[in-house]
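Structural description and commentary
So the chains spell out like this:
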Amino acid sequence: MLAVQASLAGEGEGFRHGAVASVNPLATAAGVNALKRGGNAVDAAIATALTLGVVDGHNSGIGGGCFILMRAADGTLTCIDGRETAPAKAHRDLFVIQGKLDEEASKTGPLASGVPGALAAYDLALAKHGKLKLADLLLPAAELADKGFAIDEAYEHRLEGLADKLKLFPASAAILLKPDGSPLKKGDLLVQKDLAATYRAVAEHGIGWFYHGEFAQKAAAWMAANGGIMTAEDFAGYQPKLREPLHTRYRGCDIIGMPPPSSGGVHVAQILGMMEAFPIKELPTVKRIHMITEAMKLAFADRAFWLGDPDFAPVPRGLIDPGYLADLRARIDPEKATPVPAHGTPPKPNDDVFGKHTTHLSTADAEGNWVALTQTVNTAFGSKVIIPGTGVVMNNEMDDFSAQPGAPNAFKLVGAEANAVAGGKRPLSSMSPTIVLKDGKPILSVGAAGGPTIISQTLLAISNIIDLGMSPKEALTAPRFHHQWAPDLLKIESAFGEETLKQIESLGHTLDRSKGFGACQCVMFDDGTGTLVPAHDPRNAGGADGF
Ligand code: GLY
């Protein structure tokens with residue numbers, strides 16, 4: 001198995017006790033500290049996730065949602081769906097005013113948010129497999145929020161572009177902007193007293209404070225006063241869901257993915273399923289990119305039509321049926337790009353069905369506990385709303401619904417009836433936390449951030465490790481590409497080199513050249529050294545550490 005034989009020479013050390021990879025060194029340090037205090041990979045993941053809510057709050061936080069995939073030391077697989085739900089009063093035409101789509105309302109302000117699920121999911125993950133208490137993990141993060149931290153370049157850039165929208169909401173402006181309304185700059189201290197108090201209140205009273213108590217009341221009052229529809233009852237009714245992990249095979253490995261309402265697991269599995277018949281290792285680069293791109297197009301055409309919350313819309317299991325994938329694969333012409341006019345029709349589409357800016361973190365420990373956790377408030381700073389007095393950034397996950405069939409969202413993704421808005425429904429996601437097993441033993445935890453490119457980043461990282469024998473760092477550094485069917489554009493990193501890009505163009509692909517996209521994190525088991533090797537995406541800041 002190439003993955004576990006990869007040479008780590010020059011890669012930095014692997015770790016014997018536990019490892020954490022995230023997009024932020026302070027968050028990774030919180031995870032490693034949880035391990036050092038006697039916690040396991042689950043405690044480390046939740047410590048990292050809660051700290052990301054403080055130091056990387058434009059991407060994720062307790063005002064958002066998450067998917068958590070866990071493989072416990074005893075081999076148990078657990079999949080927690082902490083995706084936000086639409087408020088009960090939401091309906092199909094929520095964002096359609098007099099027949100016209102209000103494109104901003106699903107992205108900014110009171111109607112943009114779903115009921116947050118992250119905190120309930122963390123609590124459930126700890127109850128299932130953690131060793132430490134939620135309070136043990138909240139309090140160090142609260143201290144960081146209280147003392148403040150110097151913002152980095154990525155944070156500065158996020159603030160720069162969004163200052164005008166953040167100004168619309170006084171509580172957001174008071175925390176994230178300077179008194180003159182200008183955004184904080186790299187090196188400025190971001191102090192979040194309200195968020196610290198929120199974390200401490202949850203530590204003291206439990207998650208009931210958030211879902212049934214003071215937070216729910218404050219959020220509902222703000223929503224009512226500002227034209228929102230989310231109520232205290234919506235918070236009280238929120239439930240994280242235990243889902244059956246999606247289990248497929250790729251080149252002798254078990255690929256454990258996130259089922260709907262993520263589209264991630266289904267389409268990582270679909271694309272890998274089509275790729276399995278290709279000699280990926282032997283293919284020249286141009287041919288490899290072409291064949292995988294064609295597989296991506298077919299999968300994303302299916303995504304646009306079939307995928308939605310399985311509790312509301314029938315999502316066919318046949319999408320990952322090997323026979324169906326062979327039929328899709330047969331449509332791929334190795335010599336040129338083939339138009340994909342519409343989705344496919346998997347077997348038994350109505351009878352055999354499944355019962356969705358962002359950040360990914362991976363953890364693992366020596367006992368054999370592994371976690372892949374992807375969490376989000378959707379686009380940067382979500383709805384831009386901070387509920388006054390709480391420091392909590394509310395998500396804009398309502399934009400992940402298809403507001404109108406065929407109308408593209410912030411990621412230019414289109415959807416159909418399966419992903420229409422409905423009260424209590426979860427919007428479709430691309431988040432793809434994935435754990436790979438070999439002979440029953442975990443060898444990789446991986447996932448990514450970046451809307452629909454999450455799916456492509458995740459499957460390319462898996463293929464780079466399994467097919468091409470790359471180390472974790474090499475796998476995440478390698479140039480990447482992504483095709484989501486509509487728009488008909490192959491997003492591809494210029495690092496492939498202009499000569500390669502021209503050859504790909506000559507096969508009929510329209511290229512969207514990119515300097516770099518995505519943020520993929522992973523932990524891999526290296527059986528040569530018996531160590532856990534974390535890696536963070538070199539395109540961004542990040543922390544990969546352990547002990
Ligand atoms: N909000 C991005 C996703 O869940 O795919």
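Our subject is the structure listed above.
On a predicted model such as this, the values are computed, not experimentally measured, just so you know. (Residues numbered from 1 in each chain as written. Predicted model: local features only at pLDDT ≥ 70, side-chain atom pairs only at ≥ 80, totals over all residues. Heavy atoms only, no water.)

**Quick word on the overall build of the protein**
- Counting its secondary structure elements, the protein contains 17 helices and 20 strands.
- In terms of overall dimensions, the protein is globule-like: its C-alpha atoms have a radius of gyration of 22 Å, near the 24 Å expected for 547 residues.
- The C-alpha extent of the protein, read off along each of the three principal axes, is 60 × 60 × 45 Å.
- Sorting the 547 residues of the protein into buried and exposed places 63% on the buried side.
- If you sum the accessible surface of the protein, you get close to 18700 Å²; carbon and sulfur atoms cover 53% of it. (Helix = DSSP H or I, 4+ residues; strand = E, 2+ residues; numbered from the N terminus. Rg over C-alpha atoms; globule rule 2.2 N^0.38 Å. Buried < 20%, exposed > 50% of the residue type's maximum accessible area, 1.4 Å probe, protein only. Areas by Shrake-Rupley, 256 points an atom, 1.4 Å probe, with all protein chains shown as cover.)

**Considering the side chain of Ser-456**
- With respect to the helices, strands and loops of the structure, Ser-456 is situated in helix H15 (residues 453-466).
- For Ser-456, a relative accessible area of 0% gives the class buried.

**Re the packing of aromatic side chains**
- Per the counting criterion, the structure on display carries 10 aromatic pairs.
- Look at Phe-210 and Phe-235: their rings are 6.1 Å apart centre to centre, the planes differ by 75°, and that puts the pair in the edge-to-face class. Here Phe-210, found in helix H9 (residues 208-211), pairs with Phe-235, found in helix H11 (residues 232-236); they are 25 residues apart in sequence, far enough to count as distant.
- Take Phe-210: its relative accessible area is 0%, and that puts it in the buried class.
- Under the relative-accessibility criterion, Phe-235 is labelled buried at 1%.
- The interplanar angle of 90° and the centroid separation of 4.8 Å between the aromatic rings of Phe-305 and Trp-306 together place this pair among those described as edge-to-face. (Phe/Tyr/Trp six-rings, centres within 6.5 Å; stacked < 30°, edge-to-face > 60°.)

**Section: the site of the ligand**
- Around the ligand there are nine residues in total, and Asn-378, Glu-397, Asp-400, Ser-429 and Ser-430 lie nearest to it.
- Contact between the ligand and Asn-378: a nitrogen atom at 2.7 Å from a side-chain N or O atom of the residue.
- Here Ser-430 contributes a backbone N or O atom positioned 2.7 Å from an oxygen atom of the ligand.
- Calculation on the ligand without its partners gives an accessible area of 200 Å², and the protein chains cover 99% of this total.
- Among the residues forming the shell around the ligand, the class breakdown is one nonpolar, four polar and four charged. (Near = heavy atom within 4 Å. Polar contact = N/O pair within 3.5 Å; in protein donor to acceptor, adjacent residues only side chain to side chain. Nonpolar A, V, L, I, M, F, W, Y, C, P; charged D, E, K, R; others polar.)

**Quick notes on the layout of surface pockets**
- Estimates place the volume of the second largest pocket at around 280 Å³.
- Elements with a minimum of two residues in the lining of the second largest pocket: strand S14 (441-449) and strand S19 (531-535).
- No other element matches the three residues that S14 contributes to the lining of the second largest pocket.
- When grouped by side-chain class, the residues that make up the lining of the second largest pocket number eight nonpolar, three polar and seven charged. (1 Å grid on protein atoms, 1.4 Å probe; cavity = no way out; pocket = protein on both sides within 12 Å on 5 of 7 lines; lining within 4 Å. Points joined across faces, edges and corners; volume = space filled by probe spheres on them.)

**Some points on helix H6 (residues 153-166)**
- A rise of 1.5 Å per residue sets the reference length of H6, with its 14 residues, at 20 Å; its end C-alpha atoms lie 18 Å apart and thus fit the reference within 8%.
- Residue Glu-160 marks the point of greatest curvature in H6, where the axis turns by about 40°.
- Within the span of H6, buried status applies to Tyr-155, Glu-156, Leu-159, Leu-162, Ala-163 and Leu-166.
- Buried residues along H6 sit against helix H3 (41-55), strand S6 (149-150), helix H7 (170-176) and strand S7 (189-190). (Expected span 1.5 Å × (residues − 1). Bend = angle between axes of the 7 residues up to and from the residue. Contact = heavy atoms within 4.5 Å.)

Everything listed is a geometric property; what it means functionally is a separate question.
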